[in-house]
Amino acid sequence: MSRAYTFFERASRAFRAYPTLSKLLVVSTVSGGGIVAFSDARPIQRLLGDHGEGECKKKKVVVLGTGWAGYSFLTYLNNPSYEVHVVSPRNYFLFTPLLPSVTNGTVEARSIVEPIRKLTSKKSFQYEEAECYKIDAKNKKIYCRSKQETTLKGTEEFIMDYDILVVSVGAQSNTFNTPGVEENAMFLKEVEHAQNIRKAVIDCFERASLPNLSDEERKRILHFVVVGGGPTGVEFSAELHDFLVEDVAKIYPQVQEFTRITLLEASDHILNMFDKRITNFAEEKFQRDGIDLKTGSMVIKLTADEISTKEKGTGKIVHEPYGMVVWSTGIGSRPVIKDFMQQIGQGHRRVLATDEWLRVEGTEDVYALGDCATINQRRVVEDIAAIFSKADKVNKGTLNIKDFQGAVKDICQRYPQVEIYLKKRKMKNIQDLLKSYEGEDQEVNIEKFTKALSEVDSQMKNLPATAQVANQQGHYLAKCFNRMEECEKNPEGPLRFRGEGRHRFQPFRYRHLGSFAPLGGEQTAAELPGDWVSIGHSTQWLWYSVYASKLVSWRTRMLVVSDWGRRFIFGRDSSRI
Ligand code: FAD
């Protein structure tokens, strides 16, 4: 296809989308003034909110965020009947699992980001580099603000309407309102954070190497504190330890003896969400490495040079001088989500709730995925009477297990917790579950049925806030959108126990593919599907290969692999640039 053709095709597409723009371009070309010279009385929000004449039937889908969930949704969305707009303050996708490696220069920042415009221009989606600060679900509008400075006052803000909104804005670091954290701690969520940490570590070493400092002062400056013993805090501590031992010791031998890493965790163990064997291995390894691991230690205050903790065992308040603190204690909702939750009657909740189809509860045509939301999984017992009466066709009050046959598949599909429970208990199907309560061939009454399924409900867990979940949710939602029209006519979801007919789609189902915890020294722990635990050097190689394969493009894959190779051969780069 010739360049000229591509240009005209793009131009005509743009004109169809923005008829006003075509008028302006014609005027400006005729006048010879160029695009810079145009002026239009219509405010920018009208331009962005318009549907083109030829595309008035297209539904306008607005996607907020270009992280794991948003990027995956955009990648798999393939339905020409949507006009897609993307709004995000970040014009790239960030591969967060390798962010800790950026803090010490193992991997360069540019190697783990993928420009969003590459994807949007390939798919003819519109992208606006801005953040949404308000969602008005009643009027189907979003309010956005750009960080770009323009000469025309007021143009950095715009309003965009939508037919369908996909919210995937992620979450922010949670400080639990601990005094001084916002002002004095460093965070590790964005690529700039990782770059700032890298500079701050080098700064500490340069400062500690200056003459005329007391040993006390050097000790303070080179005391690195990590708060939070979850996967990010643990991985960062391990990366920092490797950097100090393998690289910094050679460059700053004169101050090496003053360095210390402390990892603070409020509960009794680090890596709580992992298998006990991994927790034990990590704790022992950190002890051997000389990382000062303090569990049961809750941070209560941070000043510019001192961190105060309350010790669980003794109740004592301990003050420690420090040079750098990295805060990694979990996530909380962004202000735009908190405001949205207030509007839709979810103000009492901690996280935005969706149903199993990722639709935000209490709204229409708004979906939420990734870290900004959680699935409010419906309990089977809430629908037990409806399920029972549907199965009890002749209204006899008790049911034979055989009577359930028709509904069994639908129950398993509608309530994902049932399948998870059966798998865990090594039961083949729901009949096995009922048999375990009733024995072979007995009649099931509603009380016993409720008891069996209450047990299933009680084992339900919220999905973790991970890239894996966000990525799968984006993929799932795109697949639903791709088949929207088809499934409107032929619903493919489970039977509606309350109401008639079938659900349009299958509910979202998460498949856990395993999780890694890099522990430094070329050792990683992994929890793999089927309750497999693997720890050590070979798992580190598994980690390398899985993460290289999960990177979203060949460009980033090549860059990351070459960064790893560079680190093996030349060590990490400690220049502060
Ligand atoms: P994000 O990926 O955070 O994306 C949110 C997007 O929304 C961004 O583009 C952001 O710019 C944009 N945005 C923010 N505010 C607005 C707004 N107001 N309007 C519009 N757009 C907005 N998970 C794993 O599974 N494995 C790992 O190994 C792993 N390692 C991690 C390491 C680190 C250091 C961190 C911080 C996280 C890690 N995670 C890992 C967790 C994982 O990164 C998150 O669960 C995942 O990023 C969530 O995806 P998301 O799309 O919901 O949010």
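That block above? That's the structure.
In this report, we go over the structure that sits alongside the text. Everything numeric in this text was worked out from a predicted model, so none of it was measured.

1. Notes on the overall build of the protein
For the protein, the helix and strand inventory stands at 21 helices and 27 strands. Across the protein, the fraction of contacts at a sequence separation of at least 24, relative to all contacts at a separation of at least 6, is 64%.

2. Remarks on the site of the ligand
For the ligand, the set of nearby residues contains 31 residues, the closest of which are Ala69, Thr96, Cys132, Asp371 and Tyr547. Measuring from an oxygen atom of the ligand, one finds a backbone N or O atom of Trp68 at 3.1 Å. Look at the ligand: alone it shows 990 Å² of surface, and the protein chains cover 90% of it. When residues of the shell around the ligand are traced back to their parent elements, those giving at least two are α4 (68-76), β2 (82-88), α5 (99-102), β6 (131-136) and α18 (467-482). When the residues that make up the shell around the ligand are grouped by side-chain class, the tally is 15 nonpolar, 11 polar and 5 charged.

3. Quick word on the pairing of strand β8 (residues 157-161)
Only one face of β8 is buried, namely the one carrying Phe158 and Met160, since none of Glu157, Ile159 and Asp161 on the opposite face is buried. In this structure, strand β7 (residues 141-145) lies alongside β8, joined through 5 bridges in antiparallel fashion. Each residue of the ladder has a partner; that of Tyr143, found in β8, is Ile159.

4. Brief notes about empty space enclosed by the protein
All told, the structure shown has 2 cavities of 30 Å³ or more when counted by the stated rule. In this structure, the largest cavity spans a volume of roughly 180 Å³. Lining the largest cavity we find 18 residues, and of these Glu239, Asp242, Glu522, Gln540 and Tyr544 sit closest to its centre. Elements supplying a minimum of two residues to the lining of the largest cavity: α10 (231-251), β25 (515-520), α20 (537-550) and α21 (554-570). Here the lining of the largest cavity is built from residues that sort into 6 nonpolar, 6 polar and 6 charged. Of the voids in this model, the second largest cavity is the one considered here, and its volume is about 70 Å³. Looking at the second largest cavity, the residues that line it are His223, Val225, Thr262, Leu264, Lys294, Ser297, Ile307, Thr309, Glu311, Val318 and Glu320.

5. Brief notes about the environment of Gln468
Along the chain, Gln468 falls in helix α18. Separated by 399 residues in sequence, Gln468 and Ala69 place their C-alpha atoms 9.1 Å apart. Residue contacts for Gln468: discarding those within four places in its chain leaves Tyr510, Arg511, His512, Leu513 and Gly514. From its side chain, Gln468 meets the backbone nitrogen of Leu513 in a polar contact 2.7 Å long. Engagement of the side chain of Gln468 in a polar contact is seen with the backbone oxygen of Gly514, the distance being 2.9 Å.

6. Regarding the nonpolar core
Generally speaking, nonpolar side chains in soluble globular proteins are found buried as a group. One finds Phe73 and Phe481 to be the most contacted residues of the largest nonpolar core, which totals 93 residues. For this core, the element with the most residues is helix α8 (residues 191-208), which contributes 9 residues. When near neighbours in sequence (up to four residues on either side) are disregarded, Phe73 contacts Val61, Val63, Val166, Gly474, Leu477, Ala478 and Phe481. Counting residues in each nonpolar core, the second largest holds 26 residues, with Phe158, Leu165, Val336 and Val366 among its members.

7. With respect to the sheet that holds strand β17 (residues 317-321)
The 3 strands lie next to each other as β15-β16-β17, forming an open sheet whose pairing is antiparallel. With partners counted over all chains shown, the strands left at the sheet margins are β15 (297-302) and β17, one partner each. Within this sheet the neighbouring strands show an average axis-to-axis angle of 30°, counted without direction.

8. What about the pattern of salt bridges?
Using the criterion set out here, one finds 33 salt bridges in the structure. Here Glu217 and Arg220 are joined by a salt bridge, their closest N and O atoms 3.0 Å apart. With Glu217 and Arg220 both in helix α9 (residues 215-221) and 3 residues apart, this pair spans about one turn of that helix. A relative accessible area of 28% places Glu217 in the partly exposed class. Residue Arg504 is joined to Glu488 by a salt bridge in which the shortest nitrogen-to-oxygen separation is 3.1 Å. Of the two residues, Arg504 sits in the loop between α19 (484-489) and β25 while Glu488 sits in helix α19, which places them 16 residues apart along the sequence. Accessibility expressed as a relative area gives 53% for Glu488, which makes it exposed. Among the charged side chains, a salt-bridge network with shared partners connects Glu246, Asp247, Glu522, Arg567 and Arg572.

9. Here we look at helix α15 (residues 416-424)
The set of residues buried in α15 consists of Pro416, Gln417, Val418, Tyr421 and Leu422. At the exit of α15 stands Lys426, carrying a positive phi of roughly 55°.

10. Topic: the sheet that holds strand β5 (residues 126-129)
Judged by pairing direction, the sheet is parallel, and its 5 strands sit side by side in the order β5-β2-β1-β9-β21 without closing on themselves. Whereas interior strands pair on both sides, the edge strands pair on one side only; in this sheet they are β5 and β21 (366-368). Strand after strand, the sheet turns through a mean of 15° between neighbouring axes, direction not considered. The pairing of strand β1 (residues 59-64) with β2 spans 6 bridges and is classified as parallel. Among the inter-strand pairings, Val62 is bridged to a residue of β2, identified as His85.

11. Some remarks on the side chain of Asp136
Its location among the elements puts Asp136 in strand β6. One polar contact links Asp136 to Asn139, side chain to side chain, over a distance of 2.8 Å. In this view, Asp136 contacts Lys141, Tyr143, Tyr162 and Gln343; residues no more than four positions away in its chain are not counted.

12. Structural notes on the packing of aromatic side chains
Across all of its chains, the model carries 20 aromatic pairs by this definition. Note on Trp543 and Trp564: the rings are 5.9 Å apart at their centroids and 45° apart in plane angle, and the pair reads as tilted. With Trp543 in helix α20 and Trp564 in helix α21, this pair connects stretches of sequence that are 21 residues apart. Both residues of the pair, Trp543 and Trp564, count as buried. Within the aromatic cluster, the residues linked to one another by ring pairs are Trp68, Tyr71, Phe93, Phe95, Phe516, Trp541, Trp543, Tyr544, Tyr547, Trp564 and Phe568. The aromatic ring of Tyr133 is capped on one face by Arg145, whose charged end is 4.1 Å from the ring centroid. Here Arg567 stacks its cationic end above the ring of Phe568, 4.9 Å away from the centre of that ring.

Thresholds applied
- Every chain is numbered on its own, with residues counted from 1 as its sequence reads.
- Selection of residues for local features in this predicted model requires a pLDDT of at least 70, selection of side-chain atom pairs for listing and counting requires 80 or more, and totals for whole chains, interfaces and linings are taken over all residues.
- Hydrogens and waters are ignored; side-chain quantities use all the structure's heavy atoms.
- Numbering of helices and strands runs from the N terminus, with a helix taken as a DSSP run of H or I at least four residues long and a strand as a DSSP run of E at least two residues long.
- Every residue pair with non-hydrogen atoms within 4.5 Å of one another is taken to be in contact.
- Whether a residue is near a molecule or strand depends on its heavy atoms: it is near if one of them lies within 4 Å of it.
- Under the rule applied, a polar contact is a pair of N or O atoms within 3.5 Å (in protein, one hydrogen donor and one hydrogen acceptor; residues adjacent in sequence only if both atoms are side-chain atoms).
- With residues, only the protein chains shown are counted as cover, and all accessible areas are computed by Shrake-Rupley using a 1.4 Å probe.
- Polar here means any residue other than Ala, Val, Leu, Ile, Met, Phe, Trp, Tyr, Cys and Pro, which are nonpolar, and Asp, Glu, Lys and Arg, which are charged; Gly is therefore polar.
- Exposed residues in this analysis have more than 50% of their type's maximum accessible area, buried residues have under 20%, and partly exposed residues fall in between, with area computed by a 1.4 Å probe over protein chains only.
- Strand pairing requires that DSSP identify at least two bridges connecting the strands.
- Here a cavity means grid points, on a 1 Å grid over the protein atoms only, where a 1.4 Å probe fits yet cannot get out; a pocket means an open set of points with protein on both sides within 12 Å along at least five of seven lines; lining residues are those with an atom within 4 Å of a point.
- Grid points are joined across faces, edges and corners, and a volume is the space filled by probe spheres set on the points.
- Among buried residues, those of type Ala, Val, Leu, Ile, Met, Phe, Trp, Tyr and Cys that are joined through side-chain atoms within 4.5 Å constitute a nonpolar core.
- To define axes, lines are fitted to C-alpha atoms, for helices over the stretch in contact only, and angles between the resulting N-to-C directions are given on a 0 to 180 degree scale.
- Should a side-chain nitrogen of Lys or Arg be within 4 Å of a carboxyl oxygen of Asp or Glu, the pair is scored as a salt bridge.
- What counts as a ring pair is set by centres within 6.5 Å for rings of Phe, Tyr and Trp (its six-membered ring), and what kind of pair is set by the plane angle: stacked under 30 degrees, edge-to-face over 60, tilted for all other angles.
- Definition used: whenever NZ (Lys) or CZ (Arg) falls within 6 Å of the ring centre and also within 35 degrees of the ring normal, the charge is taken to sit over that ring.

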